[in-house]
Amino acid sequence: MRNERPRWQVGKFTRSRRSDSYSLNKFAKNGSTDNGVPISIYSKNGAKTGKRKRKNTVLANIGRVLLSVMLIGIITACLVVGAFAVYVFGFVDDKIYEDLNQLKLDFTTTVYVLNKETNQYEEYQRLHGQDNRIWVDFDQMPQHLKDAFVAVEDKRFYEHTGVDWKRTLGAFANMFIDLYSSNQGGSTITQQLVKNLTGDNAQRPMRKIREIMRARYLEENYSKDIILECYLNTIALANGICGVEVASNFYFDKHTNELTLVECAALAAMAKEPERYRPDKNPENNKQRRNLVLSLMLEQGKISQAEYDEAVATELNVVASREVIKEVEVNSYFVDTLINDVINALIEEYNYDKTYASKNFYNGGYKIYSTLDLNVQKALDEVYKNDSLFNVKSKKKPGTPVQSCMTIMDYEGHIVAIIGGRGEKTVNRSLNRATDSPRQPGSTMKPIAAYAPALEYNLITYSSLIEDAPITIKENGVSKKWPKNAYSGYRGLTPVQNAIERSVNTIPVRIVQNLTPRKSFDFLTGKLGITTLVESMKNENGETITDINLAAMGLGGCVYGLTSRELTAAYATFGNLGKYYRPTTFIKVVDQHDNVILEQSTNPVVAMSEDTACVMNHLLQTVINGQYGTGRAAKFSSMPIYGKTGTTNDTFDLWFVGGTPYYVGACWLGFDEPEEMSGGSATRIWREVMKKVHEELEVKDFPQSEFVTYRKYCTSTGLLATTSCPSTSYGWYKTTYLPACTKHKGKLLDEVKIQENSSKPKNDTTSAPEDQTSNETSSEPTTTSSNVSSNSDATTSENSSSSAGSSSSNTQSYQSELENSE
Ligand SMILES: [Zn+2]
């Protein structure tokens, strides 16, 4: 094609115009005719002009050929120059060459985990795209390594200016005539670097020219050392490995700077044909070629005879293990979560689109300092392998395994462990129920959507008496009483504490009614980082649906629900005096030059005042310690715990969300396709995990707010007791809000001092009840139209609204009083 086109053009050109005019002039000069019509002279009078005409024709033909040759030359030259210009411009535009020191290449990303014993971050896992590459600086490369590559790949490297013309001419000839074997590229190290950088394997002349231009450019702008450094960091060394550092790790379980002479030679031996000379798969090939490398090094005076002899006699110790280079075929749920978190943060911070952010993640050469705690994760993984905890039967589809997930955080937003499902994980970035599957939160919604905001706005206190009675709602034009409780009937005026302990349904609904569902919604979305709630959307039938209503805010009957991760982060505020940290799996991401790319903010949102959070903490401790506590099964030692159970309508979902002074976690149990469960307890799973996690941890108390006080309240009014109140119980109050009993006039009682190190409160039981499910007594409708099927427990027959005295921890003690309030 290349030769045909100009020839065709020249021929056409000559014949149709130039040759004709040539003939005309010729005849004009000879004067044989008077400017006769050329056509007649040329064609019709041929016989008459005879010999002379033939001579002219010969001359004309010679001229034509000469002209043709000239024109071919000129046009070819133009084409070559033009093509060259295109390539040169293309090359100038190529940003890759602007700065070799800031190579925009694909580098492997590494995840680090803090070793708590040494307080050092250790390499945990590497993640990469197509190229697995870790940068190593020139001064960290042994001289033998540099010498070995130069000796075998480009012995005149330090003399030429990017191109070894002798070899290049040979290579050029090779493109047309098959002189050498196929891979004899004739490329210098500089040219090979160009190939590594561009992925442009110059097999065609034009590309070869561009490669030469680029190599010359590199030589003009960079030192030989930088070129060699970049070359050794970009060379492909089989197994998807790029560069000598990952190759040293993989083949020899070493860093580059630890390589011996024979190992250096073994790597240099691979440069020509990495697969063929792999020391792990083709040790004989490698041995032959590395001995050649060594002999070339000897010949070029880079090593002594003694060094040569020793290296040739040395056995190569090849490790070749994925484990060494921290590669994992299937990522853990934690690593999956981390990948998503970093990619999302890149999108948020740098406005990348998803594809670009993802490419950056795998190829950015990032160092990611993760929040993973290996001990906690190990405990979580072990418990999830204990089948006896997941012995739940599916009624509709027998044999379907029950699913579960759990997130564990510290109190600064760090996810220390996460599990997104049960069973063997077989694919990367598979469904992670802890982060991707919002489920109905049931009663776990009550503290965050009803009690905490109401406390925050001083609409209630620890002991406010609220009517346990249904409200009247209209459904399809018909009035009905709603909601039901897990126990039969209603108990009338009940203190907030008791309502939480027993997971009463009517009271949070009344609180949200008073607060307004909008305020609850705003509290959840604005202060507690919940993102899965629906403000307004159209369903399939075109109806507008929303979570801004009593059923969703009061009882957790949401459109979609919440995730384990969201609930964990929201509940963390009850264990750290009200600070909301956005849950994260990484602390910091830096690039390979240690520039900070992403950093987790250390500034929390003040979700609620610390006194509110502290009172909530005490209220939620009664769920575990109270006589009728629905979360009593969570208790695993004398470690103080706050928490809340959740059971949704027809027992489709079981939850336990709770925390110790060390960690907070949310455990969900249910079927992927929601259906009724019998047996199983999220509370028990939570307990088993936390028990393991806390084995070595000292019992301590939650941080206390100085603006919270322990007081007696009047059981008949729920207000703070005075000297004349006949019946009292204990509770926790904000020092700034102490509404005194108005029924029994008298002097407000002083703060109750908690005695340290005295005996435990009598209802603080350390043994967990055996029957798990029956202790999660709440069962709420998911919508206002639902019928509540109560799976209430034996405690429902108790009629008195007794106050199960709340304990804060075993280091605090008080005389628990159980008095009838009338
Ligand atoms: Zn009173």
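Now for a description of the structure that goes with this document.

### Observations concerning the coordination of the zinc ion
For the zinc ion, the full set of protein donor atoms is Cys714 (SG), Cys725 (SG), Cys741 (SG) and His744 (ND1), at a range of 2.2 to 2.3 Å. If you look at the zinc ion, its four donor atoms make angles of 102 to 121° with each other, and the shape they trace is tetrahedral. Each donor residue of the zinc ion lies on the same chain, and together they follow the pattern C-x10-C-x15-C-x2-H. Taken together, the residues cysteine 714 in strand S23 (residues 708–714) and histidine 744 in the loop between strand S24 (728–734) and strand S25 (755–756) connect sequence positions 30 residues apart. A single burial state applies to cysteine 714 and to histidine 744, both of which are buried.

### Regarding the packing of aromatic side chains
Applying the stated criterion to the full structure yields 18 aromatic pairs. Taken together, a centroid distance of 5.5 Å and an interplanar angle of 25° make the contact between tyrosine 350 and tyrosine 352 stacked. Ring centres of tyrosine 571 and phenylalanine 574 lie 5.4 Å apart, and the angle between their planes is 80°; this geometry places the pair in the edge-to-face category. Among the residues examined, phenylalanine 574 registers a relative accessible area of 1% and is labelled buried. Following the ring pairs from residue to residue traces out a cluster consisting of Tyr112, Tyr121 and Tyr369. Sitting above the plane of the phenylalanine 107 ring, arginine 133 keeps its charged end 5.5 Å from the centroid. Residue placement shows lysine 519 over the ring face of tyrosine 457; its charged tip is 5.0 Å from the ring centre.

### Side note on the pattern of salt bridges
Considering all chains together, one arrives at 23 salt bridges under this definition. Note that arginine 433 and aspartate 672 form a salt bridge whose closest N and O atoms lie 2.7 Å from each other. Of this pair, arginine 433 sits in helix H16 (residues 433–436) while aspartate 672 sits in the loop between strand S21 (664–670) and strand S22 (677–678), placing them 239 residues apart in sequence. Using a relative accessible area of 9% as the deciding quantity, one classes arginine 433 as buried.

### Here we look at the packing of helix H17 (residues 445–456) against helix H23 (residues 610–625)
Where H17 contacts H23, the axes come no closer than 9 Å and their chain directions differ by 130°. In terms of orientation, H17 lies oblique with respect to H23. For H17 against H23, the interelement crossing comes out right-handed. For the pair H17 and H23, contact is made by Pro447, Tyr451, Ala452, Leu455 and Glu456 and by Thr612, Val615, Met616, Leu619 and Leu620, respectively.

### Structural notes on the sheet that holds strand S16 (residues 586–590)
Reading across from one edge, S2-S1-S5-S16-S17 is the order of the five strands in this open sheet, with mixed pairing throughout. In this open sheet, the two strands that pair with only one neighbour each are strand S2 (120–127) and strand S17 (596–599). Geometrically, the sheet is characterised by an average inter-axis angle of 20° between neighbouring strands, direction not taken into account. Judged from the seven bridges that link them, strand S1 (residues 109–115) and S2 form a sheet pairing that is antiparallel. Its bridge partner lying in S2, asparagine 115 is registered against glutamine 120.

### Some points on the packing of helix H6 (residues 189–198) against helix H8 (residues 224–234)
Following both chains from N to C, one finds H6 and H8 inclined at 50°, their axes separated by 9 Å at the closest point. Considering the angle they form, H6 stands oblique to H8. Along this stretch, H6 crosses H8, giving a crossing that reads as left-handed. Contacts between H6 and H8 involve Ile189, Thr190, Gln192, Leu193, Asn196 and Leu197 from the former and Ile227, Leu228, Cys230, Tyr231 and Thr234 from the latter. Considered class by class, the residues forming the contact of H6 with H8 number seven nonpolar, four polar and no charged.

### Here we look at the side chain of threonine 715
Summarising the element assignment, threonine 715 is placed in the loop between S23 and S24. Look at threonine 715 and you get buried, because its relative accessible area is 7%. A polar contact of 2.3 Å, which involves the side chain of threonine 715, links it to the side chain of serine 727.

Reading the values: the criteria
- Residues numbered from 1 in each chain as written.
- Predicted model: local features only at pLDDT ≥ 70, side-chain atom pairs only at ≥ 80, totals over all residues.
- Heavy atoms only, no water.
- Donors = N, O, S within 2.8 Å, 3.2 Å for Na, K, Ca; no water.
- Tetrahedral: all angles 85-135°; square planar, octahedral: opposite > 155°, others 65-115°.
- Helix = DSSP H or I, 4+ residues; strand = E, 2+ residues; numbered from the N terminus.
- Buried < 20%, exposed > 50% of the residue type's maximum accessible area, 1.4 Å probe, protein only.
- Phe/Tyr/Trp six-rings, centres within 6.5 Å; stacked < 30°, edge-to-face > 60°.
- Lys NZ or Arg CZ within 6 Å of the ring centre and 35° of its normal.
- Salt bridge = Lys/Arg side-chain N within 4 Å of Asp/Glu carboxyl O.
- Axes fitted to C-alpha atoms, helices over the stretch in contact; angles between N-to-C directions.
- Parallel < 35°, antiparallel > 145°, perpendicular 65-115°, else oblique.
- Left-handed = near helix turned anticlockwise from the far one by under 90°.
- Contact = heavy atoms within 4.5 Å.
- Pairing = 2+ DSSP bridges.
- Nonpolar A, V, L, I, M, F, W, Y, C, P; charged D, E, K, R; others polar.
- Polar contact = N/O pair within 3.5 Å; in protein donor to acceptor, adjacent residues only side chain to side chain.

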